[in-house]
Amino acid sequence: MGISHSVWVLAFAFQPLLGGALPAPSAPGIPSTSTANSELAGLTVAAQGSQDGYSRELFPHWITISGNCNTRETVLQRDGMDVIQSSSCAATSGSWYSPYDGATWTAASDVDIDHVVPLSNAWKSGASSWTTADRQAFANDLTNPQLLAVTDNVNSSKGDKGPEEWKPPLASYYCTYAKMWVKVKSVYDLTVTSDEKSALVEMLATC
């Protein structure tokens with residue numbers, strides 16, 4: 001794009017301080033605004049279920065996808081730029097732009113793979129009745145916008161909160177985040193609370 005490789009690399013080195021110059025990664029299956037609004041209208045509104053019995057181990061994740069590559073490494077490759085992987089599929093170099101906060105990282109250890117709809121939230125909105133195979137498919141979904149490479153401490157701050165309690169630090173990402181959340185809940189026929197739906201309506205209004 002007219003920028004020399006050396007300048008490009010130099011720019012990357014300062015991205016955590018200056019803000020991301022990389023294009024935001026795009027998870028698969030993000031719907032249009034009109035589709036997201038229709039899908040949101042079709043979701044069942046219900047009180048959140050119980051956390052009783054929940055364990056992350058009930059959602060087997062980071063399964064092998066291809067060769068030595070598990071789900072995490074597959075998403076790091078998909079969402080990064082110039083990612084180089086070792087023979088064991090570990091990302092040894094590359095750059096990752098976190099669309100939640102606008103930071104760019106050059107070490108995979110600074111990046112988490114976020115479950116857009118957290119596993120605990122899914123459990124309390126319908127997944128407690130699923131089979132283990134269904135929960136594994138949800139936790140490793142590369143077809144729908146459920147997995148995204150983001151800054152690790154931002155992911156930690158999100159925890160298992162829904163959009164009524166947590167939104168991406170960048171308000172400019174509200175629209176896309178809400179679309180992803182709605183799509184995943186719709187695909188998996190998960191319920192939403194009234195507060196959650198109100199937050200999603202407000203976020204979709206920014207599109």
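An account of the accompanying structure is given in this report.

Before going further, it helps to spend a moment on the pattern of salt bridges. Per the stated rule, a full pass over the model turns up five salt bridges. Its salt-bridge partner being Asp 160, residue Lys 124 comes within 4.0 Å of it at the nearest N-O pair. With Lys 124 in helix α5 (residues 119–124) and Asp 160 in the loop between α7 (152–158) and α8 (174–187), this residue pair connects regions lying 36 residues apart in the sequence. A residue is classified by how much of its surface remains accessible, and Asp 160, at 34% relative accessible area, is partly exposed. With a shortest N-O distance of 3.0 Å, Glu 196 and Lys 185 are connected by a salt bridge. With Glu 196 in helix α9 (residues 194–204) and Lys 185 in helix α8, this pair connects stretches of sequence that are 11 residues apart. In terms of burial, Glu 196 and Lys 185 fall into one category: buried.

It is worth spelling out the packing of helix α3 (residues 33–42) against α9 at this point. At a minimum axis separation of 11 Å, α3 and α9 run at an interaxial angle of 165 degrees. Considering their axes alone, α3 and α9 lie roughly antiparallel with respect to each other. Regarding α3 and α9, the two cross each other, and that crossing is left-handed. Two secondary-structure elements touch here, α3 through Thr 33, Ala 36, Asn 37, Leu 40 and Ala 41 and α9 through Lys 197, Leu 200, Val 201 and Leu 204.

A few words now on the packing of aromatic side chains. A complete count under the given rule lists 12 aromatic pairs for this structure. Seen in terms of ring centroids, Tyr 100 and Tyr 177 are 5.5 Å apart; in terms of plane orientation they differ by 80 degrees. Their pairing is edge-to-face. Of the two residues, Tyr 100 is situated in the loop between β4 (91–97) and β5 (104–105) and Tyr 177 in helix α8; the sequence distance between them amounts to 77 residues. Since its relative accessible area comes to 0%, Tyr 100 is described here as buried. On the accessibility criterion, Tyr 177 (0% relative accessible area) is buried. Ring centres of Trp 130 and Phe 138 lie 5.5 Å apart, and the angle between their planes is 70 degrees; on these two criteria the pair is classed as edge-to-face.

Evaluation of the coordinates by the stated rule reveals two disulfides. Cys 69 shares a disulfide with Cys 89; S-S distance 1.9 Å. Judged by the torsion about the S-S bond (95 degrees), the Cys 69/Cys 89 disulfide is right-handed. Placement of the pair is Cys 69 in strand β2 (residues 69–70) and Cys 89 in the loop between β3 (80–85) and β4, with a sequence separation of 20 residues. Under the relative-accessibility criterion, Cys 69 is labelled buried at 19%. Accessibility expressed as a relative area gives 2% for Cys 89, which makes it buried.

Calculation criteria
Residues numbered from 1 in each chain as written. Predicted model: local features only at pLDDT ≥ 70, side-chain atom pairs only at ≥ 80, totals over all residues. Heavy atoms only, no water. Salt bridge = Lys/Arg side-chain N within 4 Å of Asp/Glu carboxyl O. Helix = DSSP H or I, 4+ residues; strand = E, 2+ residues; numbered from the N terminus. Buried < 20%, exposed > 50% of the residue type's maximum accessible area, 1.4 Å probe, protein only. Axes fitted to C-alpha atoms, helices over the stretch in contact; angles between N-to-C directions. Parallel < 35°, antiparallel > 145°, perpendicular 65-115°, else oblique. Left-handed = near helix turned anticlockwise from the far one by under 90°. Contact = heavy atoms within 4.5 Å. Phe/Tyr/Trp six-rings, centres within 6.5 Å; stacked < 30°, edge-to-face > 60°. Disulfide = S-S within 2.5 Å.

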